[in-house]
Structure formats: structure tokens, C-alpha cells
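Take a look at the letters that make up each chain.
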Amino acid sequence: MIVADRKPFDEIIKMLAPYSNILVLGCNECVTVCAVGGAKEVAILASQIRMRRMTDGVKTKVDEKTLERQCDTEYLEELKDVIGSYDAVLSLACGCGVQFLGERYIDTPVLPGVNTTFMGVTEKQGFWTERCQGCGNCVLDRTMGICPVTRCAKSIFNGPCGGSWGGKCEIDKDLPCAWHLIIERYKERGRMDAFMEIIPPKDWSTARDGGPRKRHREDMEI
Amino acid sequence: MRISYPTSIKIIKVPCTGRVDIIHILKAFEAGADGVYLVGCLEGDCHYLNGNIRAGKRVKYIKKLLEETGIGSDRVSMYNVSSAEGMKFAEIAREFTEKIKALGPNPLKLIRV
Amino acid sequence: MSTQGNLERVLRSGGFVVTAECGPPRGVAPDMIRKKGEMLKGYVDAVNVTDNQTAVVRMSSLASSVILKDMGIDPVMQMVCRDRNRIAIQSDVLGAAALGIKNILCLSGDHQRFGDHKGAKNVFDIDSVQLIQCIKGMRDDGRFLSGEEVKPGPSIFIGCVENPCIEPLEIRAMRLAKKTSAGAQFCQTQCVFNLGSFERWMEMVRQLHLHEKVSIIAGVTPLRSVGMANYMKKNVPGMDVPDELIDRLKGVPKEKTSEEGIRICVETIERLMGIEGVRGIHIMAIGWEDVVPEIVKLAGLYPRP
């Protein structure tokens, strides 16, 4: 899922300063699962904004709504009759939702209420970690199911670097060294021969480096 | 035991403090409460295993939300009291009321936009 | 362009090499490099020039190397993968070779989190093993990474680094094997304080016959004070400073600590010289470069060939 983090409250308040009629808009997908932008968080943030605006002495109307998804046009349509009545929408969706909503309704400012952080997993309740960077050319078959692009702080393909220490990464003693994990699995599966192969430089053109990406399935077009 | 406690306190009964959500407390402040405190069972005595412990963690989080909102983090608290400790319950009620009195009314009530 | 640098010359003649380290200044101070160069000249066979070590901005490794080269010193230009993509790296290799630099040491590079620009974007387009392969390809096959022709190719003596004192040691030996097959010709190790660990690593290196293909140059660092020893033990990733060494430094009066540190360093060098497959030493006297001549003399490694 896409994981996000709520923006600092003061930053949100500053962003909303010019507006008095605001819609806080959640998304029922990833940001709901990672507890940052679902209906619950919309209610909390809206309540916070109302109280803060009141103590600041600014008259404000804050409404709450959560869409099934903000990255699909069909769900954005739900807003077509109401969005015009707001000065701004504070979206708690990931960066995709914020942009897509803004593209659909160009007359209403759509502001981001969260910082989109990474694609990851729920390691345990309340704890999310990164797993994928969407490099566009998966190497997990070669690296025993552990992604060096994402999980190595240096994204190196022939690790571990000299900073790997006791199985941990040099940048954070709580962070496992990805190459340490990969080698453990090579050993378990008797595949140290694979470790000895030099992985050549990666073609990053399929990653963000190649420019904004798109995927097209003509057969699905209506 | 006819122990008295301040009349300004409105008790809201829940099956377990674990049931109290963040939004419930924020709504209480939005509605004008000057302070909110949770009284859960003693740690280790939760009928639902750890509802009171989770409530305690939630209160910590709510303190952060209230602080940034401008209400102030001191207006919310968590206590753990057993059902056999009536005296302690009343004592906490007085203590919390004193604390809130010292803080003054909910800032939202002072401002009328 | 094919003439050898001094480091390669001494190694090829079978000599035991001595190199030292020079960290470029944090400003436009070429004289500071010249001063360090003067200090080291004649006592070492080559001088390593760090590339924004610990991700702290300093004068470029390339420019600093050229300053040393102009003084008649053979520089070992360090090159990290943190700050440049493959386009900039290959361009700098060509530039360095054109300016007469003969040795390049390939490293991943410390993460920018340790440096003074924590908000910087890192590159790591290629890693240290791929960098070795890249320079070898430019030199031996006359090809850039893209496959396009390099005309003419650079003549570079290719170095790598390895840490012989972090567990699991066998991975460190195997990684050296990868770097060797990628094209590394010499390997400078992280500071050796734990000789037992280093000896075990060297045994693995010999089992893999790596010492026959790559010249192992063991890193040493004189400990100036108990505080420095403790700091390195606790704060420098991958640094194994045994307690016996710290106790030995603590055992002498404070004004004699640095002397004891030099003595430990010289003893370490003597032990290293006796280990099969060790082809030289690399003295990293961080912020204490003026001690290098004394260490070289005390270890009986002066004059240089």
C-alpha cells in the first residue's frame, strides 16, 4: 500500500489560512489502512481545524467526506454538485489523489493534508515499513525476495557495503542491512554461487529517471 | 460509602476505556468540555485484556493533538482505579477538577466568532 | 599514457608499499594540501586523497590529487558512488587520467546522513563493484558502460577497499573476490586494530587465492589518545578497536599516550609485514599526518624504494 504521514498541524493551518469554507476529504484506500487519511482521521483533523480556527478567532466551516478512492474518476464524480460550495479541499489522500482531484476540479484549490512517504507494508499494528520503490524492473528473483533498491540505504547491487555492521545498516542500528538479509537467504538455500555473480549496472530508465511513467492497455479502453 | 465528588464532573459510562476513541474526546472539547479524563481499570485487570492500556496510549496521542490544536495537553488525563477504590475515585475527581480550575475554562468558550 | 604510477611500480617490483592519507581542505586552500604533501613526500609511495569523506564537503578529490601530482607525489584518487552518476563518473575518470592521475580507489561512499548536507539526494547509480568494472572496461576494452568506444582509454591502476574486521568475515573475503574479478588490482583495508580478526580474514583470502591477484595493503591508524580510541570504537561504523588496546593506552601516563599509540601502530605494522599476502600498509593518521614519517622510520620502512 501507499503509506503517508499527516503533515504538521501548523503547516496545514497555514495552508488553509486564506479559506473559510473547507472540505476535509479522505480516501478509503491505502491511507485508510495506514491510519492517516480515512474517515476516522478526517473526523479528527476536521475537529482539530474547527477548534484551532475558533481559538484563532477565524470563522470557519469545515465539512467532512471520504471517497472510495481519489485516484479514479468515477469516485471523484461524487463531488461534482458540492465541490463548488467550498473555498478549498484539504485532501488526505496520497499525492496521486490530491493531483487527480485537482485535475478534475480545476476551479477549487486542492491542498495536501498528508506527506506521501513510501510503498510499504504493515509490519505490525501501527508500524509500517518500505518495501518497493517502483523501479520498473523487478530484481527480487535474483535477490532472494529482498529488494536492494529499496531496503539498502545506498541501493547497491553488490553489497554489503563497508558500513554493514552486525547485520545492521550504517545509517541506523535498528535498520537491517538488506545485503545481510539477502546473504542469509542465499546461505539457507545453498545459493552462495548467486552471491558471487556480479550484478551489472541497473538500467534506471524504467524508474522515475526515465521520466513520468504510464501503462496502457488498449483492450480495456471503452 | 456516600463519598462526594465535584458536581461539575459528568460521567459517561463505557464498557471499557478501550472503547473511547480519539474523536470522542475531541468532540467533548468541541462541545465545550473544560477537561476530560478517563478512568480505567488497573493495568493487568482489564476484562478485555488490554483495553485500558490501549486507552492510556491513546490519551498520550490525544495530548499531542490537543497541544497543536491550541486546547492544551493538560486538559486530558488517564487514571487507573479499581472498582473497589471509591475513595481514590473521589480523590482523583477532586484533583483533576482543581487542575482544570487552575487552567481556566476551555479556550473555545472564551472566543465567540 | 601507459607509464606506471609509483604505487604500481613498487608493487610490481615486489616491494612492500607504504601509502598514507590526505583529506582535502574545506576551502580553497591548495597550500594545505601542499603542506601535507611535503610532510609525506619521500616517506610514502603514494598518497590517498579522500572524496568528500563522511559526506562532508571538501575540495574535490580530483583537484587535490592533481596538486599532489604536481609535487611529484603519486596520488590515489578516491572515487565514491554517492555523488555522481555513471555519466559524471566516467567523465571524471577521463579527466583524471588526462591530468596524469594513475590510481583510482573505488568506494561506495559514506551515506550523506553522516555529513554536513543531510538533505542531499544521493546517487548510487552504480556501486563500488560496478565502478571497478566500469573503469576496467574503459581501460582494457576501450568501452564506456554504454558499450560506446573510449578513444583512447584511460590507463588506471584500480583499487578497492574492504573491511577485514567485521563479521561475518567470510562475506568480506568473498566480497573481495567479487571486487577482484571485477578488476581490482590493489585493496586498501579499513584500519586494522584487531589483528586476530585480520589474520583470520587473510587466511580466507589466501584460500581463495586472492592475494595472488590483488595486492592487499593493510590499513593502520595510530591512536593519539584514549578518547580517540573510544570514539572510534563507539562511533565509527565498522571499526573494531579491542579493549586490550584501549587498556594499554590507559596504562601509560597521559603525556605518553600518543607515544604509546605510535608504538602500538609500529608493532601492528611489524606483525602485518609477517603475514603472507600482505603487500603493504596504508597509514591513516587522521588529523595527525605529521606522525607518518616517524612511524615509517620506526617500522624500518625508510628510505622508500
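Residues numbered from 1 in each chain as written. Chains lettered and ligands numbered in written order. Predicted model: local features only at pLDDT ≥ 70, side-chain atom pairs only at ≥ 80, totals over all residues. Heavy atoms only, no water.

Residue and element names in this part refer to chain A. In this fold, Ile106 is placed in the loop between α5 (95-104) and β5 (110-112). A residue is classified by how much of its surface remains accessible, and Ile106, at 71% relative accessible area, is exposed. Spatially, the C-alpha atoms of Ile106 and Thr206 are 31 Å apart, while their sequence positions differ by 100 residues. (Helix = DSSP H or I, 4+ residues; strand = E, 2+ residues; numbered from the N terminus. Buried < 20%, exposed > 50% of the residue type's maximum accessible area, 1.4 Å probe, protein only.)

With that out of the way, let us pick up the confidence of the model for chain B. Close reading of the predicted structure is inappropriate where its pLDDT is low. Residue-level pLDDT values for chain B average 94, and 97% of them are 70 or greater. The lowest-confidence element of chain B is helix α4 (residues 107-110) of chain B, averaging 89 in pLDDT; the highest-confidence one is strand β1 (residues 36-40) of chain B, averaging 98. (pLDDT = per-residue confidence, 0-100.)

Below, the discussion takes up the pattern of salt bridges. All names here are of chain C. Scanning the model with the defined rule gives 43 salt bridges over all chains in all. A salt bridge links Lys179 to Glu162; the shortest N-O distance between them is 3.5 Å. Note that Lys179 is positioned in helix α6 (residues 169-182) and Glu162 in strand β5 (residues 157-162), a separation of 17 residues in sequence. One salt bridge in this structure joins Arg271 and Glu199, with 3.6 Å as the shortest N-O distance. Of this pair, Arg271 sits in helix α10 (residues 257-273) while Glu199 is found in helix α7 (residues 195-207), placing the two residues 72 residues apart along the sequence. With relative accessibility at 44%, the residue Arg271 sits in the partly exposed group. On the basis of relative accessible area, Glu199 is assigned to the partly exposed category, the value being 30%. Here the residues in one salt-bridge network are Arg248, Glu259, Glu260, Arg263 and Glu267, joined through shared partners. (Salt bridge = Lys/Arg side-chain N within 4 Å of Asp/Glu carboxyl O.)

Overall, the coordinates contain nine aromatic pairs over all chains when judged by the stated rule. Look at B:Tyr37 and B:Phe96: their rings are 4.6 Å apart centre to centre, the planes differ by 45 degrees, and that puts the pair in the tilted class. Of the two residues, B:Tyr37 is situated in strand β1 and B:Phe96 in helix α3 (residues 86-103); the sequence distance between them amounts to 59 residues. The exposure classification of B:Tyr37 matches that of B:Phe96, with both residues buried. With centroids separated by 5.7 Å and ring planes inclined at 40 degrees, the aromatic side chains of C:Phe198 and C:Trp201 adopt a geometry described as tilted. In this pair, C:Phe198 and C:Trp201 both sit in helix α7, three residues apart, roughly one turn of the helix. C:Phe198 gets classed as buried once you look at its relative accessible area, which sits at 0%. Classification of C:Trp201 as buried rests on a relative accessible area of 0%. Across the ring face of A:Phe127, the terminal group of A:Lys124 is positioned such that the distance to the ring centre comes to 5.6 Å. For the cation-ring pair, A:Lys202 lies above A:Trp204, with the distance from its terminal atom to the ring centre recorded as 5.5 Å. (Phe/Tyr/Trp six-rings, centres within 6.5 Å; stacked < 30°, edge-to-face > 60°. Lys NZ or Arg CZ within 6 Å of the ring centre and 35° of its normal.)

Our next topic: the interface of chain A and chain B. A common way to report how large an interface is uses the accessible area buried once the components associate. Each partner contributes to the interface: chain A provides 18 residues, whereas chain B provides 17 residues. With both sides pooled, the region where chain A packs onto chain B buries about 1,500 Å², and carbon together with sulfur makes up 65% of that total. Taken together, the connections running from chain A to chain B amount to three salt bridges. Between A:Arg50 and B:Glu30 there is a salt bridge, with its nearest N and O atoms 2.6 Å apart. At the junction of chain A and chain B, the tally comes to eight residue pairs in polar contact (both at pLDDT 80 or more). For the side of chain A that touches chain B, the secondary-structure elements that each account for two or more residues are α1 (9-16) and α3 (39-55) of chain A. A per-element tally of the side of chain A that touches chain B places α3(A) first, with 10 residues. (Contact = heavy atoms within 4.5 Å. Buried area = accessible area lost by both parts, 1.4 Å probe. Polar contact = N/O pair within 3.5 Å; in protein donor to acceptor, adjacent residues only side chain to side chain.)

For chain A, the domain assignment lists domain 1 (2-118) and domain 2 (133-208). Taking only C-alpha atoms, the centre of domain 1 of chain A and the centre of domain 2 of chain A are 37 Å apart. (Domains from an automatic or database assignment.)

Now for the interface of chain A and chain C. Across the contact, 29 residues belong to chain A and 33 residues belong to chain C. Carbon and sulfur atoms make up 60% of the surface buried where chain A meets chain C, a total of about 2,500 Å² over both sides. The largest contributions to the chain A side of the interface with chain C come from A:Trp165, A:Ile198 and A:Pro201, which together make up 23% of the buried area. Our count for the contact surface shared by chain A and chain C stands at one salt bridge. For the salt bridge of C:Glu170 with A:Lys187, the shortest nitrogen-to-oxygen distance reads 3.4 Å. Our enumeration of links across chain A and chain C arrives at 17 residue pairs in polar contact (both at pLDDT 80 or more). Breaking the side of chain A that touches chain C down by element, the ones donating at least two residues are α7 (178-188) and α8 (192-196) of chain A. When residues of the side of chain A that touches chain C are assigned to their parent elements, the largest contribution, three residues, is made by α8(A).

Turning our attention to the packing of helix α5 (residues 128-141) of chain C against α6(C). All names here are of chain C. Following both chains from N to C, one finds α5 and α6 inclined at 20 degrees, their axes separated by 8 Å at the closest point. Classed by the angle they form, the pair α5 and α6 counts as roughly parallel. Seen along the crossing, α5 lies across α6 with a hand that is right-handed. Contacts from Ser128, Val129, Ile132, Gln133 and Lys136 of α5 reach α6 at Arg175, Lys178, Lys179 and Ala182. (Axes fitted to C-alpha atoms, helices over the stretch in contact; angles between N-to-C directions. Parallel < 35°, antiparallel > 145°, perpendicular 65-115°, else oblique. Left-handed = near helix turned anticlockwise from the far one by under 90°.)

Here we take up the packing of helix α1 (residues 22-30) of chain B against helix α2 (residues 51-69) of chain B. Residues and elements named next belong to chain B. For the pair α1 and α2, the least separation of the axes is 10 Å and the interaxial angle reads 40 degrees. As judged from the angle between their axes, α1 and α2 are oblique. Here the hand of the crossing between α1 and α2 comes out right-handed. For the pair α1 and α2, the contacting residues are Ile22, Ile25, Leu26 and Phe29 in the first and Arg58, Tyr61, Ile62, Leu65 and Leu66 in the second. Considered class by class, the residues forming the contact of α1 with α2 number eight nonpolar, no polar and one charged. (Nonpolar A, V, L, I, M, F, W, Y, C, P; charged D, E, K, R; others polar.)

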